[in-house]
Amino acid sequence: MSRTARLMDGTGLARRIVEETAKQAADITERTGTAPCLATVLVGEDPASVTYVRMKRNRCRKAGIESRYVALPAATTTAELVDTLGALSRDPDVHGILLQHPVGAHIDERAAFEAIAPEKDVDGVTLASFSAMSFGLPGFVSGTPGGIMRLLDEYDVAPAGQRAVVVGRSAILGKPVGMLLLGRDATVTYCHSRTAELSSIVREADIVVAAVGRPRLIRGEDIKPGAVVIDAGYNPGNVGDVDFDGARERASLITPVPGGVGPMTIATLLEQTVRAAARQLEV
């Protein structure tokens, strides 16, 4: 018997998270006279990155979070970027820092990330944040992985005892989401674009997280009947890493692209910025 998966509405959940975050930001501002502040650093003028930054700044404004925008030329060196991030880390008026990525190929992105103070790493990109995620310690989760876990919770998906297959191994998405799932007692398998027999591995998954950046790499027939499909890929033409139409006929739950994982990433960023402000302002 054919089935049609329920859509996991990231837009609606993100809206509720941002509304609650706005209340918390207003409370902090009233109690301290200081609004939570997120500094966003952009290197160059990549059109997609410019759009993402504008979107994040608009969401900050709606949530009562001050947005400081730092635009650097494309020719910025690693040392210059590290200096900028270090200065923001030392600035008591800045509570969270976001380095919009990717940066230019000539920049050591890891060195740049590590210049962000852990207590202001609200996008969860530093080694300190990854360690905290891996060991289940207090800290900030990576934005998209954190959003994915909130979506699973919203739809009562319990990872414990489930076989989770993560297709992707980036330091800010694939690797951390796998560790978060492992922390919830899922059995996690990491795959990527060079994995042999990828389809046969995906077919065993109760939870599939597609995060490799290859349009429709995961075919509908690869989805185990009843599986939960999280598509964290975004490719030109509003296409994810999963063949949505085919997968929806087999999955029990699936995220749309757009409107699934994307809004949750920004909501997580704003929520963690307000939490960082509360800690730093001791309220």
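Residues numbered from 1 in each chain as written. Predicted model: local features only at pLDDT ≥ 70, side-chain atom pairs only at ≥ 80, totals over all residues. Heavy atoms only, no water.

Enquirer: I'm lost on the layout of surface pockets in this one. Help?
Expert: By volume, the largest pocket amounts to about 1,400 Å³. Forming the walls of the largest pocket are 47 residues, and the residues nearest its centre are Tyr52, Thr144, Leu173, Ala232 and Tyr234. Among the elements of the structure, helix H2 (47-62), strand S4 (96-99), helix H4 (109-114), helix H6 (143-154) and helix H10 (261-280) are those that each provide at least two residues to the lining of the largest pocket. Partitioned by chemical class, the residues of the lining of the largest pocket number 21 nonpolar, 17 polar and 9 charged. Its boundaries defined by the atoms lining it, the second largest pocket holds a volume of some 320 Å³. Around the second largest pocket, the lining is made up of 19 residues, and of these Val141, Gly146, Met149, Leu180 and Arg184 lie nearest the centre. Those elements giving two or more residues to the lining of the second largest pocket turn out to be helix H5 (127-135), H6, helix H7 (174-183) and H10. Considering only residue class, the lining of the second largest pocket consists of 7 nonpolar, 7 polar and 5 charged. (1 Å grid on protein atoms, 1.4 Å probe; cavity = no way out; pocket = protein on both sides within 12 Å on 5 of 7 lines; lining within 4 Å. Points joined across faces, edges and corners; volume = space filled by probe spheres on them. Helix = DSSP H or I, 4+ residues; strand = E, 2+ residues; numbered from the N terminus. Nonpolar A, V, L, I, M, F, W, Y, C, P; charged D, E, K, R; others polar.)

Enquirer: Would you mind showing me how to read the environment of Ala22 here?
Expert: Examined against the element boundaries, Ala22 turns out to sit in helix H1 (residues 10-32). Ala22 sits 249 residues away from Glu271 along the chain, and the two C-alpha atoms are 8.7 Å apart. Those residues within four positions of Ala22 in sequence are excluded, and the remaining contacts are Lys62 and Ala63. (Contact = heavy atoms within 4.5 Å.)

Enquirer: Explanation requested: the environment of Gly64 in the structure shown.
Expert: Inspection of the secondary structure puts Gly64 in the loop between H2 and strand S3 (66-72). Of the residues examined, Gly64 reaches a relative accessible area of 37% and is grouped as partly exposed. Distance from Gly64 to Tyr155, taken between C-alpha atoms, is 28 Å for residues 91 residues apart in sequence. Non-local contacts of Gly64, meaning those with residues more than four positions away in its chain, are made with Ala25, Ala35 and Pro36. (Buried < 20%, exposed > 50% of the residue type's maximum accessible area, 1.4 Å probe, protein only.)

Enquirer: How should the UniProt feature "domain: Tetrahydrofolate dehydrogenase/cyclohydrolase catalytic" (unreviewed entry) in the protein be read in this particular structure?
Expert: The UniProt record marks residues 8-123 with the feature "domain: Tetrahydrofolate dehydrogenase/cyclohydrolase catalytic" (unreviewed entry), using the residue numbering of this structure. What you have in residues 8-123 is 50% helix and 16% strand, and the ends, taken at the C-alpha atoms, are 23 Å apart. (UniProt positions renumbered as here; feature names shortened; annotations may be inferred.)

Enquirer: Can you walk me through the nonpolar core in this structure?
Expert: The tendency in soluble globular proteins is for nonpolar side chains to be buried side by side. One finds Ile148, Leu152 and Leu181 to be the most contacted residues of the largest nonpolar core, which totals 44 residues. If you list the elements that add at least two residues to this core, you get H1, H6, strand S5 (163-167), H7, strand S7 (207-210), strand S8 (228-231) and H10. A per-element tally of this core places H10 first, with 9 residues. Here this core spans two domains, since at least three of its residues come from each of domain 1 (32-118) and domain 2 (143-262). Excluding residues within four positions of it along the chain, Leu181 makes contact with Met149, Leu152, Pro159, Ala164, Val166, Ala186, Val188 and Val209. (Core = buried A, V, L, I, M, F, W, Y, C linked by side-chain atoms within 4.5 Å. Domains from an automatic or database assignment.)

Enquirer: Looking at this structure, how should I read the sheet that holds S3?
Expert: Note on sheets: strands pair through backbone hydrogen bonds, and any given pair is parallel or antiparallel. Strand order in the open sheet made by the 3 strands is S3-S2-S4, with parallel pairing throughout. Across the chains shown, the open sheet's two edge strands, defined by having one partner strand only, are S3 and S4. With direction set aside, neighbouring strand axes in the sheet form an average angle of 20°. In terms of strand pairing, strand S2 (residues 37-43) meets S3 through 7 bridges, oriented parallel. Bridging across to S3, Cys37 finds its partner in Glu66. Sheet contacts for H2: S2, S3 and S4; angle to S2, the most-contacted strand, approximately 170°. (Pairing = 2+ DSSP bridges. Axes fitted to C-alpha atoms, helices over the stretch in contact; angles between N-to-C directions.)

Enquirer: It is not clear to me how the side chain of Asp206 should be interpreted in this structure. Could you clarify?
Expert: Structurally, Asp206 is set in the loop between helix H8 (198-202) and S7. A distance of 2.7 Å separates the side chain of Asp206 from the side chain of Lys224, its partner in a polar contact. With residues up to four places along the chain from it excluded, the contact list for Asp206 reads Gln162, Arg163, Lys224, Ala227 and Val228. (Polar contact = N/O pair within 3.5 Å; in protein donor to acceptor, adjacent residues only side chain to side chain.)

Enquirer: Help me understand the environment of Asp108, please; the structure alone is not making it clear to me.
Expert: Along the chain, the position of Asp108 falls in the loop between S4 and H4. There is a polar contact of 3.1 Å between the side chain of Asp108 and the backbone nitrogen of Ala111.

Enquirer: Would you take a moment to explain the UniProt feature "binding site: NADP(+)" (unreviewed entry) in the protein for this structure?
Expert: UniProt tags Gly168, Arg169 and Ser170 as "binding site: NADP(+)" (unreviewed entry). From the list above, the largest pocket is lined by Gly168, Arg169 and Ser170. Mapping Gly168 onto the fold places it in the loop between S5 and H7. Look past the residues within four positions of Gly168 in its chain and what remains in contact with it is Gly174, Lys175, Tyr190, Cys191, His192, Ala211 and Val212. Structurally, the position occupied by Arg169 is in the loop between S5 and H7. The partly exposed category is assigned to Arg169, whose relative accessible area is 45%. Among all residues touching Arg169, those that are not within four sequence positions of it are Gly174, Lys175, His192 and Arg194.

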